[in-house]
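Descriptive analysis of the structure
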Amino acid sequence: MTINKDSKYIKNTQERVFYGASVAFILATIIMPPYFGIPVPGFDMTAVRIMIVFIMLMILTDRDRLYDFIVSIKYNKFFLATLPYLFVISYTMVYRVDVKAFLNPFIDLYTLFMLMYVIDKALGVDKTLDLIIGSYYLLAIQGIAEYINGESFFKYLRTLDGTLVGGNFVRSGQYRIMGPTAHSIAYGILLTLGIPLLMLDTKTKKMYMFKRPVLLLLMITNIVFTGSRSAMAVLGVELIAVFVLSDKKDMKKTLVLGLLSVITLGTLIVGTSGTSVSNYFMLQITSVIDELFGTSYSLNYGATAITQQSSDYRDALWDIFKIKWLNPLIGIGRKRGFASVINGVIVKSIDNYYVAEYIRYAYPGMYSYIFYSFYAMIKMLIRIFRFKDGYSKAFFIASAGYAISLLYVDSLGTLKYAYLIVAMFICHAKEDFVFDRRQKKSKYLRQAI
C-alpha cells in the first residue's frame, strides 16, 4: 500500500503538527531552562535544540517547506549582515582548531532563522506575542514564589550536568531569583527584554505603558528580586523610552499613572520600613544610584564592599583592549580560557559581552557582531520615524536595552531571547528585509531539492 503525500488529510495533519511544534519551540525558548534536555556526549541536547532538530526534520521531509526555508534565508538582508560574523567564527575555528568557536554562535544564529521561519510560516507575530506574554505571566508568578521559597523551582528539571542551577545566588544576605535561566543576571535580562513587549496592544498596534498593569508590577518586582543592578538600570531606561515614544494623547495619562505608582510604591516602602522586603527594595534602588553617581547609600541597607569591587572590576575590563599578547585580528576562540593581571587585579571572568567577543574573535568578531545587531536596530528606528510603528518601538527598546545589558555581563545564554525579538521584527517588517523584491523563484534550487 502506498501513501499519497499530496492527500489533503495528510497535509492538514502535517500542518497541525508543525503548528504545535512551532508553539512548543517558542515556549521552550522562553520557559525551559538550559539545564533540561537529553545528555549527549560532547553536545547537550537542550529543550530548544530538541525542538530545532524536530522542526528541521519536518522541514527536510517536506520538499516545499525545505524550499521555503532556504529561500527565507537566501533572500534575507539580515542574513547578509551576519555573513562577516560567520566568516570570522569560521576562520577562528580553523586557526585555533576550536570547533566550539564556530558551533556555539552558529547554533544561536541558526535558532534565530528557525524562529523567523516558524513565526512567518506558522504562527504570525501577534500569536507569538501572545505566547510570550503568557509565558511572562507564568514566570512572573513563579518568580514571586521562588523568592519566598528561597530557591529555584526549575532546578528540579535538571537533567544536564555542568550548568549552574538555582539555590546558590545570594548577595548581601538576600536570595536572588533566577527563573528558568542559569544565573540571576540572565533572568534580569530575560525580564527586561519582555518589558516593552507587554506594553504592546496588538489590536490598536500601539504601545501604552499600562496596557497590562498587573503583569508590569509583577515583572518589575521580579527584576528587583534578581538583585541585578544592570537590569534595574535598563528597566529605568526602558520605562523612560516607552514614555517618550508613546502617542502624545497617552503621555499625560501615562505620566499621571506613573507618578501615582511611584508615590504608592514609596508609601509602601516607608510603611513597611524595617522589613526584609522593604530593605531589599531599597538595597536595589540605592545600588543603582551608587553605580550611577559613585555614592554609597546602599551600605545603609546591607550592601558590602564586594558590590563596589564588582563595579571596579568591570571598569578594569576595558583595559583588556590594551593587552599586547592578544592578537587584534585573530581571537583565542572558546576552548582556551582567559586570565590576565590588569592594574594589579587578576581578571578571569569577563563581565562584558563586547570585551568577551574581542577576546574570542578579536576586533573583526566584535565589530561584525555589533554590525548585524545594530543593522536590525537601525531598521527598527527607520520604521519608527517613517510609520510611528508601535511594534518597531517595542522591538527597538527591547533590543537597545539588551545591547546596554551586554556592557555589564557576558551573554549567559540570553542571545536566544534577543534573537526572538529580532525574528519577530523581521517577520513584522518583512518587506524591509526581502533581498529580491520580485520574490523570484529559482527553478534550479527547486530541482536540486
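To keep things clear, this report deals only with the structure shown in the data block. It should be emphasised that the depicted structure is a prediction, and the values quoted were computed from it without experimental measurement.

What to know about the overall build of the chain
Looking only at helices and strands, the chain features 16 helices and 8 strands. A burial count over the chain gives 50% of its 449 residues as buried. Contacts spanning at least 24 positions in sequence make up 73% of the contacts within the chain whose residues lie at least 6 apart.

Structural notes on the packing of helix H14 (residues 390–405) against helix H15 (residues 415–428)
Look at H14 against H15: their axes get within 10 Å of each other, and the N-to-C directions meet at 155°. Taken together, H14 and H15 sit at an angle that is classed as roughly antiparallel. Our pair here, H14 against H15, has a crossing hand that is left-handed. Where H14 approaches H15, its residues Tyr391, Ser392, Phe395, Ala398, Ser399 and Tyr402 are matched on the opposing element by Leu415, Ala418, Ile421, Met424, Phe425 and His428. Per-class residue counts for the contact of H14 with H15 are 9 nonpolar, 3 polar and no charged.

Here we look at the environment of Val409
Tracing the chain through its elements places Val409 in the loop between H14 and H15. Assessed through its relative accessible area of 4%, Val409 is described here as buried. Each C-alpha atom of the pair Val409 and Val355 lies 9.7 Å from the other, and the pair is 54 residues apart in sequence. Discounting residues that sit within four places of it in the chain, Val409 has contacts with Ile185, Ile189, Asp351, Asn352 and Tyr353.

Overview of helix H4 (residues 77–96)
Look at H4: 30 Å from first C-alpha to last across 20 residues, which is about the 28 Å you get at 1.5 Å a residue. The sharpest bend along H4 measures roughly 35° and falls at Leu83, with the proline Pro84 sitting one to four residues further on. Every buried residue of H4 is accounted for by Phe78, Ala81, Thr82, Tyr85, Leu86, Val88, Ile89 and Thr92. Along its buried surface, H4 packs onto helix H5 (99–123), helix H13 (353–387) and H15. Where H4 begins, one side-chain oxygen reaches toward the backbone nitrogen of Phe78, 2.8 Å away; that side chain belongs to Asn76. Residue Val97 follows H4 closely and has a positive phi angle near 50°.

Things to note about the pattern of salt bridges
Tallied over the full model, the rule gives 15 salt bridges. A salt bridge links Lys121 to Asp120, with the nearest nitrogen and oxygen atoms 3.9 Å apart. Of the charged contacts, one joins Lys155 and Glu151 as a salt bridge, the two residues approaching to 2.5 Å between their closest N and O atoms. What makes Lys155 partly exposed here is its relative accessible area of 25%. In this structure Glu151 comes out as partly exposed when scored by relative accessible area, which is 22%. Connected through shared salt-bridge partners, Arg383, Asp389, Glu431 and Asp432 make up one network.

Considering the packing of aromatic side chains
For the coordinates displayed, the defined rule picks out 29 aromatic pairs. Pairing Tyr353 with Tyr369 gives two aromatic rings, centres 5.0 Å apart and planes at 70°, and the pair type is edge-to-face. For the pair Tyr353 and Tyr369, a shared accessibility class is recorded, and that class is buried. Taken together, Phe78, Phe79, Tyr85, Phe113, Tyr353, Tyr354, Tyr361, Tyr369 and Tyr372 form an aromatic cluster joined through their ring pairs. Across the ring face of Phe18, the terminal group of Arg65 is positioned such that the distance to the ring centre comes to 4.2 Å.

What counts, and at which threshold
- Residues numbered from 1 in each chain as written.
- Predicted model: local features only at pLDDT ≥ 70, side-chain atom pairs only at ≥ 80, totals over all residues.
- Heavy atoms only, no water.
- Helix = DSSP H or I, 4+ residues; strand = E, 2+ residues; numbered from the N terminus.
- Buried < 20%, exposed > 50% of the residue type's maximum accessible area, 1.4 Å probe, protein only.
- Contact = heavy atoms within 4.5 Å.
- Axes fitted to C-alpha atoms, helices over the stretch in contact; angles between N-to-C directions.
- Parallel < 35°, antiparallel > 145°, perpendicular 65-115°, else oblique.
- Left-handed = near helix turned anticlockwise from the far one by under 90°.
- Nonpolar A, V, L, I, M, F, W, Y, C, P; charged D, E, K, R; others polar.
- Expected span 1.5 Å × (residues − 1).
- Bend = angle between axes of the 7 residues up to and from the residue.
- Polar contact = N/O pair within 3.5 Å; in protein donor to acceptor, adjacent residues only side chain to side chain.
- Salt bridge = Lys/Arg side-chain N within 4 Å of Asp/Glu carboxyl O.
- Phe/Tyr/Trp six-rings, centres within 6.5 Å; stacked < 30°, edge-to-face > 60°.
- Lys NZ or Arg CZ within 6 Å of the ring centre and 35° of its normal.

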